[in-house]
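# Analysis of the macromolecular model
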Amino acid sequence: MNAFTSDVAFTPTVKAIQSRKGSRGTYGRVEERGGWQATITPDLAAFIEAQTSVFLATANAGGQPYIQHRGGPAGFLKVLDEQTIGFADFSGNRQFITQGNLQDNAQAFLFLIDYMLRQRIKIWGRARVVEDDAALTARLMPAIYKARPEQSILFTITAWDANCPQHIPQRFEAADVAAALAERDRRIADLEREVAGLRDSAGNEA
């Protein structure tokens, strides 16, 4: 049993390195204040459900890690309660590495990054694949999305932490950029019509 939520990441070896490199005091004070959170807050829920992309990390029985990308429309990640995130697992290349890893080792990790907001969230927990539950899959499947759900994945949170924006490049979704450019072009067209109207008025007065 971990003494602090952050112990899921701060093993004795990690703490020893922190001590050697001078950061243990800082993280020790974080632990004294309660450490990382272990439940999904309303702000975290909103952040999770706004994402269109997530990285899911697992490891096999031998400890070999594997990271897989999952994506979909905003809302494809669903917060089911203060401890659980779920999403429909769409049919892909059918390697089933993640599913095999989770069958041997339920420990998993979610990494979410929002480039526009320059914010990243790290979530530790345990995950499981749910097969042959049509009701759950239907609940998790995004509306009007052209993908075939094969099964569902449920992720139970152990702890989560937010990183600072340092070194995160700011990027924007193509649809958001297109909308902003369209609004700019509309405004330019309105101003050009206004200028043309003023010129016509000035010419008539002359």
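Attention here is on the structure that accompanies the text. (Residues numbered from 1 in each chain as written. Predicted model: local features only at pLDDT ≥ 70, side-chain atom pairs only at ≥ 80, totals over all residues. Heavy atoms only, no water.)

With the rule as written, the count across this model stands at 6 aromatic pairs. Their ring planes at 75 degrees and their centres at 5.1 Å tell us that Phe 109 and Trp 124 sit as a pair that is edge-to-face. Highlighted residues: Phe 109 in strand 5 (residues 107-114) and Trp 124 in strand 6 (residues 119-130), separated in sequence by 15 residues. Exposure class is identical for Phe 109 and Trp 124. Each is buried. Connected via pairs of aromatic rings, a cluster forms that spans Phe 10, Tyr 27, Trp 36, Phe 109 and Trp 124. (Phe/Tyr/Trp six-rings, centres within 6.5 Å; stacked < 30°, edge-to-face > 60°. Helix = DSSP H or I, 4+ residues; strand = E, 2+ residues; numbered from the N terminus. Buried < 20%, exposed > 50% of the residue type's maximum accessible area, 1.4 Å probe, protein only.)

The residue Leu 56 is located in strand 1 (residues 53-59) in this model. Assessed through its relative accessible area of 1%, Leu 56 is described here as buried. Separated by 42 residues in sequence, Leu 56 and Thr 98 have C-alpha atoms that sit 8.5 Å apart.

The pairing of strands in a sheet happens through backbone hydrogen bonds and is either parallel or antiparallel. Read across the sheet, 7 strands follow the order 2-1-5-6-7-4-3 without closing on themselves; strand pairing throughout is antiparallel. Of all the strands in the sheet, just strand 2 (65-71) and strand 3 (78-81) have a single pairing partner and so form its edges. Averaged over all neighbouring strand pairs, the angle between strand axes comes to 35 degrees, with direction disregarded. Of the strand pairs in this sheet, strand 1 and strand 2 are connected by 7 bridges, and their pairing is antiparallel. (Pairing = 2+ DSSP bridges. Axes fitted to C-alpha atoms, helices over the stretch in contact; angles between N-to-C directions.)

By the bridge criterion, 7 bridges tie strand 4 (residues 84-90) to strand 7 (residues 149-163) in an arrangement that is antiparallel. Bridge pairing in strand 7 places Gly 86 opposite Leu 154. Note: strand 6 against strand 7, 11 bridges, orientation antiparallel. Note on strand 7: the bridge partner recorded for Val 129 is Ile 153.

A separate point is helix 2 (residues 24-32). Turning to helix 2, its buried residues are Arg 24, Gly 28 and Glu 31. An end-on view of helix 2 places all buried positions within 55 degrees of arc, on one side of the element. Gly 34 sits one or two residues past helix 2 and shows a positive phi near 120 degrees. (Arc of directions from axis to C-beta.)

Turning next to helix 3 (residues 42-50). Because an α-helix completes one turn every 3.6 residues, residues spaced three or four positions apart along the sequence face the same direction. Looking at helix 3, one finds that the buried residues are Leu 44, Ala 45, Phe 47 and Ile 48. Projected onto a plane normal to the axis of helix 3, the buried residues spread over an arc of 165 degrees and lie on a single side. Facing away from the buried surface of helix 3 by more than 90 degrees, the exposed residues are Pro 42 and Asp 43. Close packing links the buried residues of helix 3 with strand 3, strand 4, strand 5, strand 6 and strand 7. (Contact = heavy atoms within 4.5 Å.)

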